[in-house]
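Chain by chain, the residues run as shown.
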Amino acid sequence: MLGGDDIVLSPLVAAGAHGGIVASANLRTADFAEMIALWRRGSATPARGLGAELARLSAALFTEPNPTVIKGVLHAQNRIPSPAVRMPLLAASADAVRRATLLAGSRA
């Protein structure tokens, strides 16, 4: 079983999911992989903490339609050349990108 809702990936892995198809993992990929590894090792306390942190990131990334905020953050990090999305979507607001960029920066 794979999780598909980014915000609840941690509890799904805790309940036995093998991983996820997670758009949020385009940012902080290593942290998502670490969270899954922690759950698999039975390290519930650090897994739960990291999972909560990544859920906050995912919530910020989905405040506007997917993938607009994710592309905005990737662009702000100079990882892609443009935040443009295809119609009928419009680029994410600067405020949404700014909030998500702060959470995407690094582990707290």
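Caption draft 1: Highlighting the pattern of salt bridges. Taken as a whole and assessed by the stated rule, the structure comprises 5 salt bridges. Ionic pairing is found between D95 and R98, a salt bridge with its closest N-O pair at 3.7 Å. Remark: R98 and D95 occur in helix α5 (residues 94-104); sequence separation between them is 3 residues, near one turn of the helix. Its relative accessible area of 38% is what places D95 among the partly exposed residues. Measuring nitrogen to oxygen at the nearest pair gives 2.2 Å for the salt bridge that ties R99 to D95. Of the two residues, R99 and D95 both sit in helix α5, 4 residues apart, roughly one turn of that helix. By sharing partners, the salt bridges in this structure join R28, D31 and E53 into a single network.

Caption draft 2: Structural context of the packing of helix α2 (residues 29-41) against helix α3 (residues 44-61). Interhelical geometry of α2 versus α3 gives an angle of 145° and a closest axis separation of 9 Å. The two elements α2 and α3 meet at a crossing, and its hand is left-handed. Residues D31, F32, E34, M35, L38 and W39 of α2 form the contact with α3, whose participating residues are A44, P46, A47, R48, L50, G51, L54, L57 and S58.

Caption draft 3: Molecular detail of unusual backbone geometry. Cis peptide bonds are those with omega within 30 degrees of zero, and the linkage from N66 to P67 qualifies with 10°. Within the secondary structure layout, P67 lies in the loop between α3 and α4 (68-76). Put simply, M87 and P88 share a cis peptide bond, and its omega is 15°. Within the secondary structure, P88 sits in the loop between α4 and α5. Of note in this structure, R28 is not a glycine but carries a positive phi near 55°. Owing to a relative accessible area of 10%, R28 belongs among the buried residues under this scheme. Positive phi values are uncommon outside glycine, yet N78 reaches one of about 60°.

Procedures and definitions
- Residues numbered from 1 in each chain as written.
- Predicted model: local features only at pLDDT ≥ 70, side-chain atom pairs only at ≥ 80, totals over all residues.
- Heavy atoms only, no water.
- Salt bridge = Lys/Arg side-chain N within 4 Å of Asp/Glu carboxyl O.
- Helix = DSSP H or I, 4+ residues; strand = E, 2+ residues; numbered from the N terminus.
- Buried < 20%, exposed > 50% of the residue type's maximum accessible area, 1.4 Å probe, protein only.
- Axes fitted to C-alpha atoms, helices over the stretch in contact; angles between N-to-C directions.
- Left-handed = near helix turned anticlockwise from the far one by under 90°.
- Contact = heavy atoms within 4.5 Å.

Keep in mind these numbers describe shape, not what the thing actually does.
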